[in-house]
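Observations on the three-dimensional arrangement
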Amino acid sequence: MFPELKNDRFLRALLKQPVDTTPVWMMRQAGRYLPEYRASRANAGDFLSLCKNDAFACEVTLQPLKRYKLDAAILFSDILTIPDAMGLGLYFEAGEGPKFKHAVRSKADVDALPVTTADDLDYVMKAVTTIRHALNGHVPLIGFSGSPWTLATYMVEGGSSKDFRHIKAMMYQTPEVLRALLDKLARSVTEYLNGQILAGAQAIQIFDTWGGILSGPMYQQFSLLYMKQIISGLIREHQGQKIPVIVFTKNGGQWLENMAAAGPDALGLDWTTDIGEARARVGHQVALQGNIDPCVLYADKEVIEREVENVLAGFGHGTGHVFNLGHGIHQFVHPDHPKYLIDAVHRLGAKYHEPQFDDLDALNGLD
Ligand code: CP3
C-alpha cells in the first residue's frame, strides 16, 4: 500500500469534481532546463541510464517538484522504451534526437517484432513504484506512453523526421503492413500502461505527438483507432481509485469530437486550439488539459501572468481544467520562470472555482 494522497486537485479536475483552484503541471517538467537535471544526467552517464535506473529516474522526477508547487508528478522515462524493448536498439546522439539501429520497413521486419509485456519493461515498473513511494502522497503520479502511430513514426523512420516519408509511403502503399505494426504496438502499449497502473501510476497520458501530421480520415484509421483500442483495454479503477486517461494529439484541434468519443477522461490541447471553443465542443464529455504556448516562458513575469489569465479566462468558470503547456517545456527556459506561471495559475485560478450565484441560491434553498 502507498501513503495517502494529500493533494488530489489534479485527479479531481480530470474527473470534473469541484476543486479550490486550477491544478497545473508541465509536460517535460523534468529536463534539460534544470541545472540539477543536467548534473544528474552527467552522474548517470547519459539520458537512457537515467531512465533505466530507478533511483536516478526517481531523483529527476522529483526535481521540478522541489522547485515548484506542481499538482502532479510524471514518471521520468521516454516513449521509445517500447520499441527499445522490441529489440530495435535505441540510442541518442547529442543534438540529433533519438535513433534506432534497426528501422522497420517491411512486412518481414514487422513480423519479426514481438508484442512486449510489462515484464519486458521491468525497469519502468520499478521506477513507477519507487517514485510513488518517494512522493509520499504529496501529489499523484502520472504514467505515460506514446501512441502506436507516434511510436511507429520513430520505428519506421529510424529516428526523428521532418517529412515522415517512409511511414507515409508505407501507409499509402502497404497499409496492411502498417496496420500489423500498429496492432502489435497497441497490444504492447496496453500491457505497458496496465503494468504502470498496477505499479502505482494514478493517471495515464497517451502522447500522440505526430497524429497531427495526418489528414482527417488517416488520423481516424491510423492513430485514433489504436488509441481507442488501448483506452478500452486499460484498468480504469484500481484500489478504489479511478485512473483518469488523458489523450494528447498535438495539432489535433480539428478532431476533438472524435477524440472525446474514443473514451478518455480528458483531452490535451496544444496552443493552436482555443480552449474556450474546445470546451464548448467537448467540455460536456471530457476535461481539458492545456494549453499555454511554451514560449510564453521566455517572457518576463508580467507577460507570463497575463497569458496565464488569458488561458484561465478562456476556459472559464468551473472544474474540468488542468493547466499545462501546449507542449513540452523548452531547454533554454530560465528555471525561475515556471515558478511565475505555476504560482499565477493557483492564485488567479481560484476565482474560477468560487461558487456562482446559482450555486449560492441552491445552498440557501432559494429558487
Ligand atoms: O514530462 C516529463 O517530465 C517526463 C519525461 C518525458 C521525456 N520524454 C523525457 C526526455 C516524456 C513524457 C517524454 C516523452 C517523449 N519522448 C515524447 C512525447 C512527448 C512530446 O513532447 O510530445 C517524444 C516524441 C519522445 C522522444 C524523444 N525523447 C525526443 C524527441 C527526445 C529529444 C531529443 C533531443 O535531443 O532533443 C527525447 C529525449 C528526452 N526525453 C529528453 C528528456 C528529458 C532529453 C534527453 C537529454 O537529457 O538529453
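Residues numbered from 1 in each chain as written. Predicted model: local features only at pLDDT ≥ 70, side-chain atom pairs only at ≥ 80, totals over all residues. Heavy atoms only, no water.

In the annotation of an unreviewed UniProt entry, the entry for the chain reads Uroporphyrinogen decarboxylase, and the organism field reads Marinomonas transparens. According to UniProt, the comment filed for the chain under the heading Function (unreviewed entry) is "Catalyzes the decarboxylation of four acetate groups of uroporphyrinogen-III to yield coproporphyrinogen-III." According to the UniProt record, the Pathway (unreviewed entry) comment for the chain is "Porphyrin-containing compound metabolism; protoporphyrin-IX biosynthesis; coproporphyrinogen-III from 5-aminolevulinate: step 4/4." (UniProt positions renumbered as here; feature names shortened; annotations may be inferred.)

1. A few points about helix H2 (residues 35-44)
When we look at burial in H2, the residues that qualify are Tyr-37, Ser-40 and Ala-44. Along the long axis of H2, the arc covered by the buried residues comes to 60 degrees, so they all point the same way. For H2, the exposed residues set more than 90 degrees away from the buried face come down to Ala-42 and Asn-43. Residues of H2 that are buried make contact with helix H3 (47-52) and helix H4 (54-67). Within two residues after H2, Gly-45 carries a phi angle of roughly 115 degrees, on the positive side. (Buried < 20%, exposed > 50% of the residue type's maximum accessible area, 1.4 Å probe, protein only. Helix = DSSP H or I, 4+ residues; strand = E, 2+ residues; numbered from the N terminus. Arc of directions from axis to C-beta. Contact = heavy atoms within 4.5 Å.)

2. Thoughts on the packing of aromatic side chains
Tallied over the full model, the rule gives seven aromatic pairs. Centroid distance Tyr-37 to Phe-76: 5.7 Å. Interplanar angle 50 degrees. Geometry classified as tilted. Taken together, the positions of Tyr-37 in helix H2 and Phe-76 in the loop between strand S1 (73-74) and helix H5 (81-88) put the pair 39 residues apart, joining distant regions of the chain. Ring plane angle 80 degrees and centroid distance 5.7 Å describe the contact between Phe-47 and Phe-76, whose orientation is recorded as edge-to-face. Taken together, the positions of Phe-47 in helix H3 and Phe-76 in the loop between S1 and H5 put the pair 29 residues apart, joining distant regions of the chain. For Phe-76, a relative accessible area of 6% gives the class buried. Through successive ring pairs, a cluster of aromatic residues spans Tyr-37, Phe-47, Phe-76 and Phe-92. (Phe/Tyr/Trp six-rings, centres within 6.5 Å; stacked < 30°, edge-to-face > 60°.)

3. Things to note about the nonpolar core
Counting residues in hydrophobic clusters, the biggest one holds 127 residues, and the most contacted among them are Phe-10, Met-155, Leu-178, Leu-181, Val-308 and Leu-341. The greatest single-element share of this core, amounting to eleven residues, is contributed by helix H10 (residues 175-199). Sequence-distant contacts of Leu-178, defined by excluding residues within four places in its chain, comprise Trp-149, Ala-152, Ile-167, Met-170, Met-171 and Phe-222. (Core = buried A, V, L, I, M, F, W, Y, C linked by side-chain atoms within 4.5 Å.)

4. As for the side chain of Gln-289
Structurally, the position occupied by Gln-289 is in strand S10 (residues 287-292). Look at Gln-289 and you get buried, because its relative accessible area is 2%. Here the side chain of Gln-289 touches Trp-25 through a polar contact of 2.9 Å, side chain to side chain. Setting aside its immediate chain neighbours within four residues, Gln-289 contacts Phe-10, Trp-25, Gln-205, Ile-246, Leu-267, Gly-268, Leu-269, Val-322 and Asn-324. (Polar contact = N/O pair within 3.5 Å; in protein donor to acceptor, adjacent residues only side chain to side chain.)

5. Focus on the pattern of salt bridges
The tally for this structure, following the rule as stated, stands at 16 salt bridges. Linking Asp-84 and Lys-52 is a salt bridge whose minimum nitrogen-to-oxygen distance equals 2.8 Å. Residue Asp-84 is located in helix H5, and its partner Lys-52 is located in helix H3; the two are separated by 32 residues in the primary sequence. On the accessibility criterion, Asp-84 (16% relative accessible area) is buried. In this structure, the salt-bridge partner of Glu-307 is Arg-306, at a minimum N-O distance of 2.9 Å. One salt-bridge network, held together by shared partners, links Arg-9, Asp-20 and Asp-71. (Salt bridge = Lys/Arg side-chain N within 4 Å of Asp/Glu carboxyl O.)

6. With respect to the site of the ligand
In the vicinity of the ligand, 23 residues are found, and the nearest of them are Arg-28, Tyr-37, Arg-41, Asp-78 and Thr-209. Residue Arg-41 places a side-chain N or O atom 2.5 Å away from an oxygen atom belonging to the ligand. Look at the ligand: alone it shows 890 Å² of surface, and the protein chains cover 89% of it. Contributions of two or more residues to the shell around the ligand are made by H2 and strand S3 (97-100). Grouping the constituent residues of the shell around the ligand by class yields 14 nonpolar, five polar and four charged. (Near = heavy atom within 4 Å. Areas by Shrake-Rupley, 256 points an atom, 1.4 Å probe, with all protein chains shown as cover. Nonpolar A, V, L, I, M, F, W, Y, C, P; charged D, E, K, R; others polar.)

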